[in-house]
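Descriptive structure summary
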Amino acid sequence: MRLGQTYEVVIDRLGFQGEGVARVEGFTVFVPGALIGERVVARMERVERSFARAVLLQVVEAAEERVLPRCSVYAECGGCNLQHMSAEAQLRMKKMTVMDALERIGRFPKEDVRAWVRDVIPSPNVWQYRNKVTWTVSVEAGRFAVGFVEEGSHDPVDTDDCAIVPEHVLRIVKAMRRVDEAVRGADMERGGETERGVDRSAASSPGQGAGTSAAMLSPWRGVHHVRVRTNGAAEVLIALLVAPGVTFSPEDVRLFRIELEAQRVKVVGLIADDGVAERVLFGQAQMEERIAGLAFGVSSRSFMQVNPAQAERLYAEALALAGLTGTQRVWDIYAGIGTLTLMAGRQAGSVVGVEIVEEAVRDAQMNIERNGMHHVRMMLGDAQDVVSRLAEDERPDVVFLDPPRAGCEKRVLDAICDAAPARIVYVSCNSATLARDLRILADRGYAVDVAQPLDMFPQTSHVECVVSTYRVD
Ligand SMILES: C[S@@+](CC[C@H](N)C(=O)[O-])C[C@H]1O[C@@H](n2cnc3c(N)ncnc32)[C@H](O)[C@@H]1O
């Protein structure tokens, strides 16, 4: 098999990222965009010892599950990778992903896995469902671009057409573009000699003096990402992620505000975040959201599930599997702003949430206060240290785990098993690390009874799953 060579292949399964997989001349060939059963023409773009990666050139025989992607930039953008697959096929694929991981990585017997893994709960919304987006910003050669990044690239795919983000959030891109055009237009009229009071020296490339190129004059120069959060009331909290030292003039902020108003975007706050500190440029640093009848404040840096309607179902599943009766002692490890922590608080004797991000713990503490839950408390720190400290004071009945994609550190799992709760309910957004961690728990005497996948991220191959385990005495 040679690089650049073209083959006609038949896809016999899907990989973890939803890409078509075929066997060709003893190689496993991954073809993103191809579906099971399809005959496709593909060109090899990377060839290793036993596998290759190919670009889909033509679908010769299409599968029934093939649908027309909704986004105009689907082929280039790295944001979604399953828009070419019907909604039902996406759900089937996600169930297979969880089962495959439990069998291959977790080394659990096939019959057990089949009995545990339920059908995927579909998302109430499969389009425009995201309440948070982080886009890459680029101002190069005078060209302003905002968007998700193409796989294997650093350049954003410039668009304000994104099918998984609500329309009012997309209007922020329009406002940024209009500010860019207005400011650069004005600067060019003046000969590009003024920096408009914006100190972007820290972000200058070597050899680029102020006013030497159109890119230098963009108000968004020095902004590498923009992070937008929105809520059920269609309000937004915008954070401009900037290089250290980058500041904004009041004039830039005023212009942006005017354009946001012109686009009818309801902004609760605009923040500049240089990775060390957040600075509020106008409005406030937190926004409000209601989930399952509780009020939450959330900061820009804090974690919150991205699909709020589906998040309510996720929490309901996790709580049902925990079987709380009002008296238990509960730990919620990797607690974020305390969403599950507070919901568990309505059904438990006491709850402790553990979280490493300071802003999230601050949010969670305010959320505990505003919901009057005085039997719920938060601990700030790395779960690896906090859990063993916590175990010195109390033994939990139920532990929730909801780690980031990397899964739980072994030390955390060991400390929890030492504390011997009757039940551990594991919420995961990565089936591979979930399977790895469930194997560790199984070897320490925790058996799985149910694995419930949910479609939290429609149009992408990511899958959320909640698994309940119980201590075998
Ligand atoms: C997937 S989120 C879950 C948050 C929360 N359970 C929810 O549903 O909103 C994972 C959380 O774990 C936190 N985290 C990551 N590493 C951690 C660590 N080593 N110790 C404690 N918390 C950590 C992250 O900041 C994030 O808030």
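Residues numbered from 1 in each chain as written. Predicted model: local features only at pLDDT ≥ 70, side-chain atom pairs only at ≥ 80, totals over all residues.

**What about the pairing of strand S3 (residues 20-24)?**
Consecutive side chains of a regular strand alternate in pointing toward one face of the sheet and then the other. One ladder, built from two bridges, connects strand S2 (residues 13-14) with S3; its direction is antiparallel. Among the inter-strand pairings, Leu14 is bridged to a residue of S3, identified as Gly20. Relative to strand S4 (residues 27-31), S3 runs antiparallel, the two being bridged by five bridges. The residue of S4 that forms the bridge with Gly20 is Val31. Taking the residues between adjacent antiparallel strands as the criterion, S3 and S4 are bridged by two residues, where Glu25 takes a positive phi near 50°. (Pairing = 2+ DSSP bridges. Helix = DSSP H or I, 4+ residues; strand = E, 2+ residues; numbered from the N terminus.)

**A few points about the site of the ligand**
Residues in close proximity to the ligand total 18 residues, the closest being Phe303, Tyr334, Gly336, Ile356 and Ala383. Counted by class, the shell around the ligand contains twelve nonpolar, three polar and three charged residues. (Near = placed C-beta within 6 Å. Nonpolar A, V, L, I, M, F, W, Y, C, P; charged D, E, K, R; others polar.)

**Structural notes on the sheet that holds S2**
Overall, mixed pairing links the six strands, which are arranged S1-S5-S6-S4-S3-S2 in an open sheet. Of all strands in the sheet, those bounded by a partner on one side alone are strand S1 (6-10) and S2.

**Observations regarding helix H9 (residues 383-393)**
The complete set of buried residues in H9 reads Ala383, Val386, Val387 and Leu390. Angular distribution of buried residues about the axis of H9 spans 100°; they occupy a single face of the element. Away from its buried face by more than 90 degrees, H9 exposes Arg389 and Glu392. (Buried ≥ 20, exposed ≤ 12 C-beta atoms within 10 Å, placed from the backbone. Arc of directions from axis to C-beta.)

**Some thoughts on the UniProt feature "binding site: S-adenosyl-L-methionine" (unreviewed entry) in the chain**
With numbering matched to this structure, UniProt assigns "binding site: S-adenosyl-L-methionine" (unreviewed entry) to Gln305, Tyr334, Glu355 and Asp402. Among the structural elements, Gln305 can be located in the loop between strand S14 (294-299) and helix H6 (308-322). On the basis of neighbour count, Gln305 is assigned to the buried category, with 22 C-beta atoms found within 10 Å. Within the fold, Glu355 resides in strand S16 (residues 350-355). Discounting residues that sit within four places of it in the chain, Glu355 has contacts with Tyr334, Ala335, Gly336, Ala360, Val361, Ala364, Met378 and Leu380. (UniProt positions renumbered as here; feature names shortened; annotations may be inferred. Contact = placed C-beta atoms within 7 Å.)

**A word on the nonpolar core**
Residues Val31, Ile172, Ile238, Ala318 and Ile333 are the most contacted members of the largest nonpolar core, which totals 135 residues. Beyond its immediate chain neighbours, meaning those up to four positions away, Ile333 contacts Val354, Ala383, Val387, Val399, Phe400, Leu401 and Val412. (Core = buried A, V, L, I, M, F, W, Y, C linked by C-beta atoms within 7 Å.)

**A short note on unusual backbone geometry**
The phi dihedral of Gln128 falls on the positive side, at around 50°, and the residue is not glycine. For Gln128, a count of 14 C-beta atoms within 10 Å corresponds to the partly exposed category. Non-glycine residue Tyr334 carries a positive phi angle of around 70°. Of note, Tyr334 is situated in the loop between strand S15 (329-333) and helix H7 (339-345). Residue classification places Tyr334 among the partly exposed residues on the basis of 19 C-beta atoms within 10 Å.

**Concerning the environment of Ala22**
As for its placement among the helices and strands, Ala22 is situated in strand S3. Sequence separation between Ala22 and Val9 is 13 residues, and the spatial gap between their C-alpha atoms is 6.6 Å. If near-sequence neighbours (up to four positions away) are discounted, Ala22 is found in contact with Val9, Val10, Ile11, Asp12, Val29 and Val31.

**Thoughts on the sheet that holds strand S20 (residues 446-454)**
Ordered by their spatial adjacency, seven strands build an open sheet running S17-S16-S15-S18-S19-S21-S20, and the pairing between neighbours is mixed. Each edge of the sheet is formed by a strand with only one pairing partner; in this case those strands are strand S17 (376-380) and S20. Averaged over all adjacent pairs, the angle separating strand axes in this sheet is 15°, with direction ignored. With five bridges connecting them, S15 and S16 associate as parallel partners. Considered in S16, the bridge of Val330 is made with Val351. Here helix H11 (residues 431-443) sits on the sheet in contact with strand S19 (423-428), S20 and strand S21 (464-471), set at roughly 165° to S19. (Axes fitted to C-alpha atoms, helices over the stretch in contact; angles between N-to-C directions.)

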